[in-house]
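Fold and contact review
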Amino acid sequence: MQSNLIWDIPTRLFHWLLVGGLLVQYITAEWMDDAMQWHFYSGYFLLGLLIFRLWWGLIGPDYAKFSSFVTGPARVYQYSRQVLSRHHEDHAGHNPLGGWVVLLMLFLVTCQAVSGLFLTDDVFLDGPWRNAVEESTQDFMNFIHHRFFNLLLWLIGLHVAAIAFYSFYKGQKLVPAMFHGKKVTKAKGITSSKLMLAIVLALCSAALTYYIVELAPPKAAVEAYY
Ligand code: HEM
Ligand code: HEM
């Protein structure tokens, strides 16, 4: 079997920036006083990153595409029945079970980033969309921001445990592949990371994020502050 390029550079960068960004979100919200402004900035960055991953999942290289790893229930069931076996099917990208976990993680991080836009730190800072909605919506977003994060933590725990299981029990080198992109597999590798496309999409994602957090939100009436 050959070593083929499976994870393109932007997907790998996305993954490690996502990990770093979530760490910053946790530290700035839970451990540090007076770091809420940084929590906001890093939250906007994560929002942009997720917008990028959405487009990348539609028109990026093969293994980054949602269509390549989001499969139907029959496929997931079939795969689950042999997940404990050491003699695994050769899955170059995400396996059918892992594909859904990935999708769920992306969904939960998106919920965090979007709900944050409606929150307040009760001192100086309001999320940019807070004033645009009613109190019931603010409360709902607050609920999501606090409760979904715990779900996300459980899922991250499961993700890391699954990676350890595949590495040590099944002998698959998944972690190095998330750094250098290559896996030993019979499957066809990708021929390019589509870097030019990634740069254009990254710029568009940054512009859209700026629009969402800076230009589009209705400005609060001055008397709202008094
Ligand atoms: C905050 C913590 C983490 C989050 C939210 C997270 C999220 C994700 C996501 C969304 C993917 C899919 C990538 C894509 O297709 O875009 C992924 C894949 C992957 N992650 Fe993580 N990850 C986290 C931590 C880690 C850590 C600590 C490791 C290493 C020990 C790791 C190793 C991997 C590997 C190896 C894959 C590819 C799995 C495969 O081959 O199917 N992740 N992760
Ligand atoms: C993926 C992005 C984000 C993650 C993972 C995240 C995570 C968190 C966490 C873990 C907390 C502490 C919750 C608790 O103590 O129970 C928190 C609080 C908070 N977050 Fe985020 N956040 C994100 C994005 C944002 C954004 C974009 C904003 C605003 C623009 C924001 C505004 C806030 C505020 C104001 C609080 C404090 C709420 C309070 O004191 O009750 N967050 N966030």
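- Under an unreviewed UniProt entry, the name given to the protein chain is Cytochrome B, and the source organism is Salinimonas sediminis.
- Check the Subcellular location (unreviewed entry) section of the UniProt entry for the protein chain; it says "Cell membrane".

1. A short note on the coordination of the iron atom of ligand 2
- Donor atoms from the polypeptide that coordinate the iron atom of ligand 2 comprise H39 (NE2) and H145 (NE2), at 2.0 Å from the metal.
- Its six donor atoms give the iron atom of ligand 2 angles of 84 to 180° at the centre, a pattern that matches the octahedral case. With H39 in helix α2 (residues 36-59) and H145 in helix α6 (residues 135-168), this pair connects stretches of sequence that are 106 residues apart. The same class applies to H39 and to H145, which are both buried.

2. Section: the site of ligand 2
- With respect to spatial proximity, 21 residues lie near ligand 2, and among them Q25, H39, G116, H145 and H146 are the closest.
- A distance of 2.7 Å separates a nitrogen atom of ligand 2 from a polar side-chain atom of H145.
- H146 places a polar side-chain atom, nitrogen or oxygen, 3.1 Å from an oxygen atom of ligand 2.
- For the shell around ligand 2, the element with the most residues is α2, which contributes six residues.
- Residue composition of the shell around ligand 2, grouped by class: 11 nonpolar, eight polar and two charged.

3. Some points on the packing of α2 against helix α5 (residues 96-116)
- Two elements in contact, α2 and α5, have axes whose closest approach is 9 Å; the angle formed by their N-to-C orientations is 140°. With respect to α5, the axis of α2 lies oblique. As for the relative orientation of α2 and α5, their crossing is left-handed in sense. Residues G43, L47, L50 and R53 of α2 lie in contact with α5, whose contacting residues are L106, V109, T110, A113 and V114.

Conventions we followed
- Residues numbered from 1 in each chain as written.
- Chains lettered and ligands numbered in written order.
- Predicted model: local features only at pLDDT ≥ 70, side-chain atom pairs only at ≥ 80, totals over all residues.
- Heavy atoms only, no water.
- UniProt positions renumbered as here; feature names shortened; annotations may be inferred.
- Donors = N, O, S within 2.8 Å, 3.2 Å for Na, K, Ca; no water.
- Tetrahedral: all angles 85-135°; square planar, octahedral: opposite > 155°, others 65-115°.
- Helix = DSSP H or I, 4+ residues; strand = E, 2+ residues; numbered from the N terminus.
- Buried < 20%, exposed > 50% of the residue type's maximum accessible area, 1.4 Å probe, protein only.
- Near = heavy atom within 4 Å.
- Polar contact = N/O pair within 3.5 Å; in protein donor to acceptor, adjacent residues only side chain to side chain.
- Nonpolar A, V, L, I, M, F, W, Y, C, P; charged D, E, K, R; others polar.
- Axes fitted to C-alpha atoms, helices over the stretch in contact; angles between N-to-C directions.
- Parallel < 35°, antiparallel > 145°, perpendicular 65-115°, else oblique.
- Left-handed = near helix turned anticlockwise from the far one by under 90°.
- Contact = heavy atoms within 4.5 Å.

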